[in-house]
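# A structural walkthrough
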Amino acid sequence: MPQRSRPTHSKMYFIGCESQNTPITSISEKMIQTSDKQKFSYRDTLKSMDTEEHIDLAFYRPIGYMWACMAAKLGIKPNAITIASIFLGIAAGVMFYFTPLWMNITGMLLLIWANSFDSADGQLARMTKQYSRLGRILDGLSGDMWFAAIYIAICLRENATSEFFSAHPWVIWTIAVVTGICHAKQAAMADYYRQFHLYFLKGEQGSELESADALRKKLDEIPAKGNFWKRLVLKVYTNYTVNQEQHTRNMQRLRTQLKASFPNTFASQSFRDEFRRLSLPLMKYTNILSFNWRVIALFTALFLRMPWLYFAFELTVLNILLIYMVIRHERICKKLTEKLRNGEYQN
């Protein structure tokens, strides 16, 4: 689900978009809501080289950067790009229902376009400092809606074209529901581990890591009268965070111990360095559980004329990776918690 957040404050910004190949040269400049003149290179729009995926760096991020620069010049908001990506992704799913290969390829191109917008909205948010929980929720919801459309298209197609599934139409729908639940878990945990890694790499301002308890307190502070949508957004986000925390018991113990070991400061640099060293090898698994490798599997299944294989990929390969990633990360957190209790990492 959520992938991006945006600050609620508003200033007046001069945004300069620079070529990713020549970061010194400004290729566009526009005033958009702040008072200081700032120029953002391609690298400035990335979250972290630790968490970026190779395909994204080679393809989606450069394209997203160009979309973001264009949107900044035109005054287009990140949420508008996210909403546009939803329509593109759903259109892609519709094209996967049909059996002619050219229509499937059209759907593939639409899905690639949608994901370039998904990259652009986050890059634009970092350029213009337009962060919000609504944007973070919309960003995750967009991907959910793409894949919901894709799942429905696959089910309808298999029931219309497959002798087995047409004789047992409930089978493919059952598989799709189970796969969708697994997909949601995989994406949520991948996002959570990335945010936890960024928290120690870049500090509180460089991460979107949240606490369910803190979110509940904020929800209680919002008056019910006249704040229906605001409370609804925060409630959805709180439930999402609760779900992440329920699957990471050792991580929550580590967060509690960090507060006890460093009551007045952020975690020591020695702890942050050690956590990064242990967590960095897991980032490749969070990337595999994200968009690019899912789409490679989906496109392969479509070229093979067996769309149901995509469900098999998510249920087997990605679930195995998820289980491995959770077990390994929980062991890291348990080990670090014990070391903190023994007084290590105080310098």
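What comes next concerns the included structure. Just so it is clear, the model here is predicted, and its values are computed rather than measured.

Reading the values: rules and limits
- Residues numbered from 1 in each chain as written.
- Predicted model: local features only at pLDDT ≥ 70, side-chain atom pairs only at ≥ 80, totals over all residues.
- Heavy atoms only, no water.
- Helix = DSSP H or I, 4+ residues; strand = E, 2+ residues; numbered from the N terminus.
- Buried < 20%, exposed > 50% of the residue type's maximum accessible area, 1.4 Å probe, protein only.
- Salt bridge = Lys/Arg side-chain N within 4 Å of Asp/Glu carboxyl O.

Attention now goes to unusual backbone geometry. Even without being a glycine, Arg 305 presents a positive backbone phi close to 65 degrees. Mapped onto the fold, Arg 305 is located in the loop between helix H12 (291–303) and helix H13 (308–341). For Tyr 345, which is not a glycine, the phi torsion comes out positive at approximately 65 degrees. With respect to the helices, strands and loops of the structure, Tyr 345 is situated in the segment after H13. Judged by its relative accessible area of 13%, Tyr 345 falls in the buried class.

Close approach of charged atoms allows side chains of opposite charge to pair. Applying the stated rule across the entire model yields seven salt bridges. In this structure, Asp 50 engages Arg 276 in a salt bridge whose closest nitrogen and oxygen atoms are separated by 2.7 Å. Pair noted here: Asp 50 is in the loop between strand S3 (37–40) and helix H1 (54–74) and Arg 276 is in helix H10 (residues 269–279), with a separation of 226 residues, a long-range link. In this structure Asp 50 comes out as buried when scored by relative accessible area, which is 14%. Here Arg 294 makes a salt bridge to Glu 314, at a shortest N to O gap of 2.1 Å. In this pair, Arg 294 is assigned in helix H12 and Glu 314 in helix H13, connecting sequence segments 20 residues apart. The exposure class assigned to Arg 294 is buried, which follows from its relative accessible area of 1%. Judged by relative accessible area, Glu 314 falls into the buried class, the value being 0%. Among the charged side chains, a salt-bridge network with shared partners connects Glu 52, Asp 56 and Arg 61.

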